[in-house]
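# Residue-level structural notes
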Amino acid sequence: MSPRPSDRDGLTPRERQICELASAGHDNAAIAAKLVLSVRTVENHLQRAYVKLGVRGRSGLPTAIGAQRAG
């Protein structure tokens, strides 16, 4: 059973949660500790989210996430 997208951007609820934490300035290790995940799992979620959001990295997340919330 695959996870459902959380909204129009196609992010899963976990991808969105991780993106929001990353865009708030948390590093991968802090996100992993907070969510009880491995750092590698956080990295994988972020990589998939970057593709879905059309950004090249963490610096593009605040704009991409903010645009989805506003629109």
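Structure: see above.
Here the residue numbering is sequential within each chain, running from 1 through the sequence in written order. The predicted origin of the model limits local features to residues at a pLDDT of at least 70 and limits the giving and counting of side-chain atom pairs to 80 or more, whereas totals for whole chains, interfaces and linings rest on all residues. To obtain the side-chain values, all non-hydrogen atoms of the structure were used and water was disregarded.

## Notes on the overall build of the protein
Helix and strand assignments come from DSSP, with helices taken as H or I runs of at least 4 residues and strands as E runs of at least 2, each series counted from the N terminus. Check the secondary structure of the protein and you find 4 helices and 0 strands. When the helices and strands of the protein are placed in sequence order, the string is α-α-α-α. In the protein, which comprises 71 residues, the share counted as buried stands at 35%. Residue contacts follow a heavy-atom distance rule, with two residues in contact if any of their heavy atoms lie within 4.5 Å. Contacts in the protein between residues at least 24 apart in sequence constitute 47% of all its contacts with a sequence separation of at least 6. Only the protein chains shown count as cover for residues, with accessible areas throughout obtained via the Shrake-Rupley method and a probe of 1.4 Å. For the protein, the accessible surface area stands at approximately 4500 Å², while carbon and sulfur atoms represent 53% of it. Buried, partly exposed and exposed residues are distinguished by accessible area as a fraction of the type maximum, computed with a 1.4 Å probe on protein chains only: under 20%, between the cut-offs, and over 50%, respectively.

## So, the packing of helix H1 (residues 13-23) against helix H2 (residues 28-35)
The angle between two axes is taken between their N-to-C directions and runs from 0 to 180 degrees, where each axis is a line fitted to C-alpha atoms and a helix contributes only its stretch in contact. One can describe the packing of H1 onto H2 by two numbers: an axis separation of 10 Å at closest approach and a directional angle of 130°. Our classification of the angle between H1 and H2 gives oblique. Handedness of the crossing formed by H1 with H2: right-handed. Contact residues: H1 offers Arg14, Gln17, Ile18, Leu21 and Ala22, while H2 offers Ile31, Lys34 and Leu35. Gly counts as polar in this scheme, as do all residues outside two lists: the nonpolar Ala, Val, Leu, Ile, Met, Phe, Trp, Tyr, Cys and Pro, and the charged Asp, Glu, Lys and Arg. A per-class count over the contact of H1 with H2 returns 5 nonpolar, 1 polar and 2 charged. For classification purposes, angles smaller than 35 degrees are called roughly parallel, those larger than 145 roughly antiparallel, those between 65 and 115 roughly perpendicular, and all remaining angles oblique. Left-handed describes a crossing in which the near helix is turned anticlockwise from the far one by less than a right angle; the clockwise case is right-handed.

## Quick word on helix H3 (residues 39-53)
Taking 1.5 Å per residue as the helical rise, H3 with its 15 residues ought to reach 21 Å, and the 21 Å between its terminal C-alpha atoms agrees with that figure. All of the buried residues along H3 are Val42, His45, Leu46, Ala49, Tyr50 and Leu53. Axial view of H3: buried residues confined to an arc of 140°, hence all on one face. Of the exposed residues in H3, those oriented more than 90 degrees away from the buried face are Arg40 and Val51. At the C-terminal side of H3, Gly54 shows a positive phi close to 75°. For a helix, the expected span equals 1.5 Å multiplied by the residue count minus one. For this quantity, the arc is that covered by the directions from the helix axis to the C-beta atoms.

## Here's the deal with H1
For an α-helix, the turn length of 3.6 residues means that residues three or four places apart are oriented alike. Of all the residues in H1, the buried ones are Glu15, Arg16, Ile18, Cys19, Leu21 and Ala22. Remark: Gly25 follows H1 within two positions and exhibits a positive phi of approximately 105°.

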